[in-house]
Amino acid sequence: FLEKHLYNGEIDWSTFRYMVSDVQYGGKITDSLDVRLFQTYTKEWLTDLTCEEGYAFNPVASILKISNDFRYTVPSFTEH
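Let me begin by describing the structure that accompanies this report. Keep in mind that this is a model prediction, so the values were computed, not measured.

## Some words on the overall build of the protein
What the protein contains, in helices and strands, is three helices and zero strands. Order of helices (α) and strands (β) in the protein, N terminus to C terminus: α-α-α. Taken against the 2.2 N^0.38 rule, which gives 12 Å for 80 residues, the C-alpha radius of gyration of the protein at 19 Å runs more than 25% over that of a compact globule. Along the first, second and third principal axes, the C-alpha atoms of the protein reach 60 × 35 × 15 Å. The 80 residues of the protein split such that 14% are buried. In the protein, the proportion of contacts linking residues at least 24 apart, taken out of those at least 6 apart, comes to 33%. With the model as given, the accessible surface of the protein reaches about 7,600 Å², and the carbon-plus-sulfur share is 55%. One way to put it: in the protein the 7 positive side-chain charges average out to a point 4 Å from where the 12 negative ones average out.

In structure tokens form, the structure reads like this:
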């Protein structure tokens, strides 16, 4: 697979995504929603853009700003 699709010229991204999301890793995922999520990740992250100079998986700017006074606390629950 690697010799045919990755090391000989242009990468066939649809084949590469299929091999990752459906065969290599996706075949081990049993929940249908998890399969859809993983396929979405591969669709967004495994593209020709990932090979470009300076590409980063994390965005330059924050997607959602968290206020400076934000405090996360773990709620306490009582057993029933």
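## Notes on the packing of aromatic side chains
This structure, assessed with the given rule, holds two aromatic pairs. An angle of 80 degrees between the planes, with centres 5.7 Å apart, marks the rings of W13 and F16 as edge-to-face. Taken together, the positions of W13 and F16, both in helix α2 (residues 13–24) and three residues apart, correspond to about one turn of that helix. With respect to burial, W13 and F16 carry one shared label: buried. Measuring from ring centre to ring centre gives 4.8 Å for Y41 and W45, while their planes differ by 0 degrees; the resulting arrangement is stacked. Note that Y41 and W45 are positioned in helix α3 (residues 32–45) at a spacing of four residues, about one turn of the helix. For W45, a relative accessible area of 42% puts it in the partly exposed group.

## Observations regarding the environment of N58
Relative to the helices and strands, N58 resides in the segment after α3. Separated by 26 residues in the primary sequence, N58 and S32 place their C-alpha atoms 26 Å from one another.

## Section: the environment of E53
With respect to the element layout, E53 can be found in the segment after α3. A relative accessible area of 82% means that E53 is categorised as exposed. On a C-alpha basis, the gap between E53 and N8 in space is 20 Å, while along the polypeptide they are 45 residues apart.

## Some points on the packing of α2 against α3
Closest axis-to-axis distance for the α2/α3 pair is 9 Å, and the angle between their directions is 155 degrees. One element, α2, and the other, α3, form an angle in the roughly antiparallel class. The chirality of how α2 crosses α3 is right-handed. Of the residues in α3, those in contact with R17, V20, S21 and D22 of α2 are F38, Q39, T42 and K43. By residue class, the composition of the contact of α2 with α3 is two nonpolar, three polar and three charged.

Rules used throughout
Residues numbered from 1 in each chain as written. Predicted model: local features only at pLDDT ≥ 70, side-chain atom pairs only at ≥ 80, totals over all residues. Heavy atoms only, no water. Helix = DSSP H or I, 4+ residues; strand = E, 2+ residues; numbered from the N terminus. Rg over C-alpha atoms; globule rule 2.2 N^0.38 Å. Buried < 20%, exposed > 50% of the residue type's maximum accessible area, 1.4 Å probe, protein only. Contact = heavy atoms within 4.5 Å. Areas by Shrake-Rupley, 256 points an atom, 1.4 Å probe, with all protein chains shown as cover. Lys, Arg positive; Asp, Glu negative; His and termini not counted. Charge placed at Lys NZ, Arg CZ, Asp CG, Glu CD. Phe/Tyr/Trp six-rings, centres within 6.5 Å; stacked < 30°, edge-to-face > 60°. Axes fitted to C-alpha atoms, helices over the stretch in contact; angles between N-to-C directions. Parallel < 35°, antiparallel > 145°, perpendicular 65-115°, else oblique. Left-handed = near helix turned anticlockwise from the far one by under 90°. Nonpolar A, V, L, I, M, F, W, Y, C, P; charged D, E, K, R; others polar.

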